[in-house]
Amino acid sequence: MGAARGVLQAALLLAAAAAAFLLVSPAAAAAVNSTSATLDNIQPLSTLNMAAARVAMDAGSAIRASPELLGTNVSITQPRAMQAYEISESHLFFFSPAAGRARIRPGSPSTSRRRRPPTATGSRSSPLPISSKLVIHLKIKIDQLNIYKFANISPSFMSSGSGDTSFLLINQRYDYAFGLFSGGKDNPKLVAVSNKISFANPKAPVFPRLSQGKGWNEMAVTWTSGYNVDEAYPFVEWTMNEKENARARRSPADTLTFTRNHLCGKPANAEGYRDPGFIHTAFLKNLWPNREYSYQIGHELLDGTIVWGKSSTFRASPSPGQASLQRIVIFGDMGLGQSDGSNELAGFQPGAQVTTERLIKDLPNYDAVFHIGDLSYANGFLAQWDQFTAQISPVASRVPYMVASGNHERTSRDTGGFYGGGDSHGECGVPAETYFRAPAAANRGKPWYAADHGMFRFCVGDTEHDWRPGTAQHAFLDGCFAAADRKHQPWLVFAAHRPLGYSSNEYYAREGSFSEPMGRTLQPLWQKHRVDLAVYGHVHNYERTCPVYENTCTAAPAAAGGGGNGSSPAAAYTGALGGTIHVVAGTGGARLRGYAGGEWPQWSAARSESYGYVKLTARDHSRLELEFIRSDDGEVLDAFSITRGYKDVLACAVDACDPHTLAN
């Protein structure tokens, strides 16, 4: 668990040659946290007044980082897990009367007494020589600052002006340097800069992530590196674990990247831009259903040397219709977490870390993940995509991690989307659609897709593009639902980011529709094709409806769920549903939201303001179970089951069967 937890935290946003370490007063800390807690769509660190930042190097201040070379305990000749290439711990020692001067407690040593800075071993030495070029570069790039710690995280700082701490650093293809600041967020002054530290191989392949390929029996493996195709050939080496004398195979990978010119506005193409490196995807084909495979990412250099990345395992999907134990996790709206005590988006995504850790603990108990929009909340600060892929890598390297497009990935003004806002802050879908491969999507820019997993068929929509009748997406969804063989794939699920069905969120209540405006134009499709379940994110709470059509419950559970402010006992539906059950699960980590005041709508069966995720479990063709699992402790806060036969799927309900003609 220690190594896995380490990968969860990407510690710093790298500038072109340096990163920053911010130290401000406890008072300023409260101000930053208070501000970020009120801003949903703004990168909190963009509130740092970097226009006022200035260099004020202080001879009595110093910061030392060690070790200077990270990721050295790896080999490039033999296949093995290259964990050290992905993440390492850096220790910092700092001394700053200037940074602590206004904050020294009464009775502490005078700030006028200059001290030599501590070294990596804690002994005294002369101040570190720092090039003016590094100072200027750090000053210029500080507007990309991504995470920081307050100096008083080290208990000795407030009394002595010195202290030590550590960061977990991910390999983001550039060197690191740390800056020591005083003056708080409104008037930051750079008083000291550390030595540079580097990864032994900054270009190494990192953060593998799986998704279903172009069909159920393909697995796509995607990862990031600093190698372009003219430097090294990317590939995946893989083999079946359960077959004696299985021959290892290699599948070549394609390579993509993007530049400022691909992006649609600020800050993504300006102060938030950062070279994304190269994103590679290989397809492992003709997999045997339910068999376990081992794989390892790698790059063959032009001289024949192989640089290996992380190795891992996965279990292939069951074939469509196959009966076996099948478990799927669904949630939306996660963002970044921190496992090393650093600060980043904790004001807006306080549950991201705990949800990620719960997913890691629960990993043996599910087979695939659907993260339905609002993935990293990078909001135009592109280094956070590296950090997000590092955070989810313990999960995404083991099970397919499929995504949907949310407003924070796609929505940009004047870019042809369905909404005119600027929630992606200039990204307009480019990073998300490059870092993640959507299963069987015909076009990365139109990322709606179908995914078959045994007895499940998933039709994943993109709410950032028009879904109404007459559009390409509407036609796709109609075909996706119709293609399900309900004799063998009885469980038909629709998933998308914004609630197109039912939600008693305050905003949707004010809209008067309890759903995304024009969202329920898909109701005829859900009803016609007898969609069992529709799952959404976007709203940061959990809510489940009864089987519902046109605001009316169409079936009652055999054991009624009691509701009641957050949880309900399991409800059991039997026979034909006559409508679709809608579930909101935007509970991955972003700050939670409440519900509209007044009485509950009659279709709202259960609610919870808790971080967590939905888990679907199919044991055979006649029973489906849903659980809402709380991230904090793994407790099941809500559950229901559906038990039925094929005849119940065929049964006519309101608007569910074609009208009979005279010929009939």
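Everything quoted here is computed from the prediction, not taken from an experiment. (Residues numbered from 1 in each chain as written. Predicted model: local features only at pLDDT ≥ 70, side-chain atom pairs only at ≥ 80, totals over all residues. Heavy atoms only, no water.)

Caption draft 1: Region of interest: the nonpolar core. F370, F456, F458, L533 and L616 are the most contacted members of the largest nonpolar core, which totals 39 residues. Excluding anything up to four places from it in sequence, F458 contacts I328, I330, F370, Y449, A450, A451, C480, V493 and L616. One finds L263, Y273, A352 and A396 within the second-largest nonpolar core, a separate group that totals 33 residues. (Core = buried A, V, L, I, M, F, W, Y, C linked by side-chain atoms within 4.5 Å. Buried < 20%, exposed > 50% of the residue type's maximum accessible area, 1.4 Å probe, protein only. Contact = heavy atoms within 4.5 Å.)

Caption draft 2: Geometry of the environment of D648. By the element assignment, D648 lies in helix α14 (residues 646-650). Under the relative-accessibility criterion, D648 is labelled partly exposed at 26%. Along the backbone, D648 and L577 are 71 residues apart, and their C-alpha atoms lie at a distance of 8.0 Å. Contacts of D648, omitting those with residues within four sequence positions, involve G575 and A576. Of the polar contacts made by the side chain of D648, one reaches the backbone nitrogen of G645; its length is 2.9 Å. (Helix = DSSP H or I, 4+ residues; strand = E, 2+ residues; numbered from the N terminus. Polar contact = N/O pair within 3.5 Å; in protein donor to acceptor, adjacent residues only side chain to side chain.)

Caption draft 3: A look at the packing of aromatic side chains. This structure, assessed with the given rule, holds 23 aromatic pairs. Here the aromatic rings of Y293 and F314 are separated by 5.5 Å at their centres, their planes lie at 15 degrees, and the arrangement is stacked. A residue pair is termed long-range when its members are at least 10 positions apart, and Y293 in strand β14 (residues 292-301) and F314 in strand β15 (residues 306-315) qualify at 21 residues. Exposure remark for F314: the relative accessible area of 2% places this residue in the buried category. In textbook terms, an aromatic cluster arises when at least three aromatic residues are bridged by ring pairs, as seen for F258, W385, F388, Y401, Y435 and F436. Geometry around Y419 places R498 over its ring, the cationic atom sitting 3.6 Å from the centre. (Phe/Tyr/Trp six-rings, centres within 6.5 Å; stacked < 30°, edge-to-face > 60°. Lys NZ or Arg CZ within 6 Å of the ring centre and 35° of its normal.)

Caption draft 4: Just unusual backbone geometry, in detail. Of the consecutive residues S66 and P67, the connecting peptide bond is found in the cis state with omega at -5 degrees. Topologically, P67 is positioned in the loop between β2 (62-66) and β3 (69-70). Cis geometry is found at the peptide bond from K266 to P267, where omega equals 0 degrees. Here P267 lies in the loop between β12 (249-256) and β13 (278-284). Despite not being glycine, D333 has its phi angle at roughly 65 degrees, a positive value. By the element assignment, D333 lies in the loop between β16 (326-331) and α7 (352-361).

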